[in-house]
Amino acid sequence: MNHDTIRVRRQGQVCRVQFDRPERENAITDAMVRELHELLDSCERDGVTLVVFEGSPEAFCVGADFGDFAPEPGREPAAGTGEYDPAPLFDLWLRMATGPYITLSHVRGKANAGGVGFVAASDVVIADTSATFGLSELLFGLYPAMVMPFLTRRVGFQRANYLTLTTRPIGAQQAADWGLVDCCAERSGPLLAQHLGRMSKLAGDGIARYKRFMSTEIAPVGRHREAAIAANLEIFSDPQNLQRITRFVEDGVYPWEQRSPHGTARADEGAA
């Protein structure tokens, strides 16, 4: 199967998928979400028991590609035309959290916004000590509505609240202390190999039954689906939010920044 946004490698019942948009720090697009759904379809058909998500050493995934929301010349932003649909992304994370396979995120570099969604939806998270985890949405008047059901399940309300309100990233060790990361190491490759060696031996029917029980009886994250999708649609239908995004995409200017007379962005003191 050919892919434009991901790379896939299968070895036995283990499927390793790498986000492959390095020029955009592996930002999420509709095409990426579609290809990942197709990949999980094939994993379910073939009885894959372990799906590993990875990015690049510099960036795991930095969230939604804002270029999808900035208008092309003569066009309105996608969110304003009724074309924008966040449901496939939430459903992708829901499949990761509830599907009949173990999902493991191996994080190096930056995980931001929707990238944290992939992390929080995973059953197991292994990180390099270079990894950082942040929610930057409120800088643009947005908030991580679809990430929250998965994130609060992992770290609890107040830590998710703190990440959202401060917009500042935390390091891998703090993320491990909070429960967002299960274990981290300066060289995470050997740590990943140890986990793959152990978990790849687990029986698929046992994994499926366990995850079905956990996702229906212990942590039924799917109950938040409709509210999270509706909130996300509202956020990305707000013209003021779209204006902030467009200004950032076109000029590289954050909402709190002003243009200097020479055309370069200038941040207000203390805003960053």
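All of the points below concern the structure found in this document. Quick caveat: nothing in here was measured; it's all calculated off a predicted structure.

## A few points about a nonpolar patch on the surface
A cluster of nonpolar side chains, Leu138, Tyr143 and Leu165, forms an exposed patch at the surface whose accessible area comes to about 290 Å². By the secondary structure assignment, Leu138 is in the loop between strand S8 (132-134) and helix H4 (148-155).

## With respect to the packing of aromatic side chains
For any two aromatic rings, the description comes down to two numbers: the centre-to-centre distance and the angle of the planes. In this structure the tally under the stated criterion is 15 aromatic pairs. Ring centres of Tyr162 and Trp178 lie 5.9 Å apart, and the angle between their planes is 80 degrees; on these two criteria the pair is classed as edge-to-face. A residue pair is termed long-range when its members are at least 10 positions apart, and Tyr162 in helix H5 (residues 157-166) and Trp178 in helix H6 (residues 172-178) qualify at 16 residues. With relative accessibility at 42%, the residue Tyr162 sits in the partly exposed group. Centre to centre, the rings of Phe248 and Tyr254 are 4.8 Å apart; their planes meet at 45 degrees, and the pair counts as tilted. Relative accessible area serves as the criterion here: at 24%, Phe248 is assigned to the partly exposed category. Judged by relative accessible area, which is 28%, Tyr254 ranks as partly exposed. An aromatic cluster is defined as three or more aromatic residues linked by ring pairs; in this entry it consists of Phe19, Phe53, Phe60, Phe90, Trp93, Phe118 and Phe150.

## As for helix H10 (residues 239-251)
Here H10 contains 13 residues, and its C-alpha end-to-end distance of 18 Å stays within 8% of the 18 Å for a straight helix at 1.5 Å per residue. Those residues of H10 not exposed but buried are Asn241, Leu242, Ile245 and Thr246. Down the axis of H10, the buried set is contained in an arc of 135 degrees. They therefore lie on one face. Those residues of H10 that are buried are in contact with helix H9 (225-235). The backbone nitrogen of Gln240 lies 2.8 Å from a side-chain oxygen of the residue at the head of H10, namely Asp238. The positive-phi residue at the C-terminal boundary of H10 is Gly252, with phi of around 70 degrees.

## Topic: the state of the cysteines
Throughout the structure, instances matching the rule amount to zero disulfides. Looking at Cys61, it has no disulfide partner, and the nearest cysteine sulfur is the one in Cys15, 17 Å off. Counting only cysteine sulfurs, Cys183 is the nearest neighbor of Cys184, a cysteine outside any disulfide, at a range of 7.5 Å.

## Focus on the pairing of strand S3 (residues 50-54)
Judged by how many residues are buried, S3 sits mostly within the fold: five of five residues are covered. The alternating pattern of S3 places Leu50, Val52 and Glu54 on one face and Val51 and Phe53 on the opposite face, and all of these are buried. Handedness of the crossover joining strand S2 (residues 14-19) and S3 through helix H1 (residues 30-46) is recorded here as right-handed. Across five bridges, S3 lies against strand S5 (residues 102-107) in parallel orientation. Note that in S5 the partner of Phe53 across the bridge is Ser105.

Rules used throughout
- Residues numbered from 1 in each chain as written.
- Predicted model: local features only at pLDDT ≥ 70, side-chain atom pairs only at ≥ 80, totals over all residues.
- Heavy atoms only, no water.
- Patch = residues over 30% accessible without salt bridge, like charges linked within 9 Å, V, L, I, M, F, W, Y side chains within 5 Å.
- Areas by Shrake-Rupley, 256 points an atom, 1.4 Å probe, with all protein chains shown as cover.
- Salt bridge = Lys/Arg side-chain N within 4 Å of Asp/Glu carboxyl O.
- Helix = DSSP H or I, 4+ residues; strand = E, 2+ residues; numbered from the N terminus.
- Phe/Tyr/Trp six-rings, centres within 6.5 Å; stacked < 30°, edge-to-face > 60°.
- Buried < 20%, exposed > 50% of the residue type's maximum accessible area, 1.4 Å probe, protein only.
- Expected span 1.5 Å × (residues − 1).
- Arc of directions from axis to C-beta.
- Contact = heavy atoms within 4.5 Å.
- Polar contact = N/O pair within 3.5 Å; in protein donor to acceptor, adjacent residues only side chain to side chain.
- Disulfide = S-S within 2.5 Å.
- Right-handed = clockwise from strand over helix to strand, strands pointing away.
- Pairing = 2+ DSSP bridges.

Without other data, these values stay purely geometric and don't point to any function.
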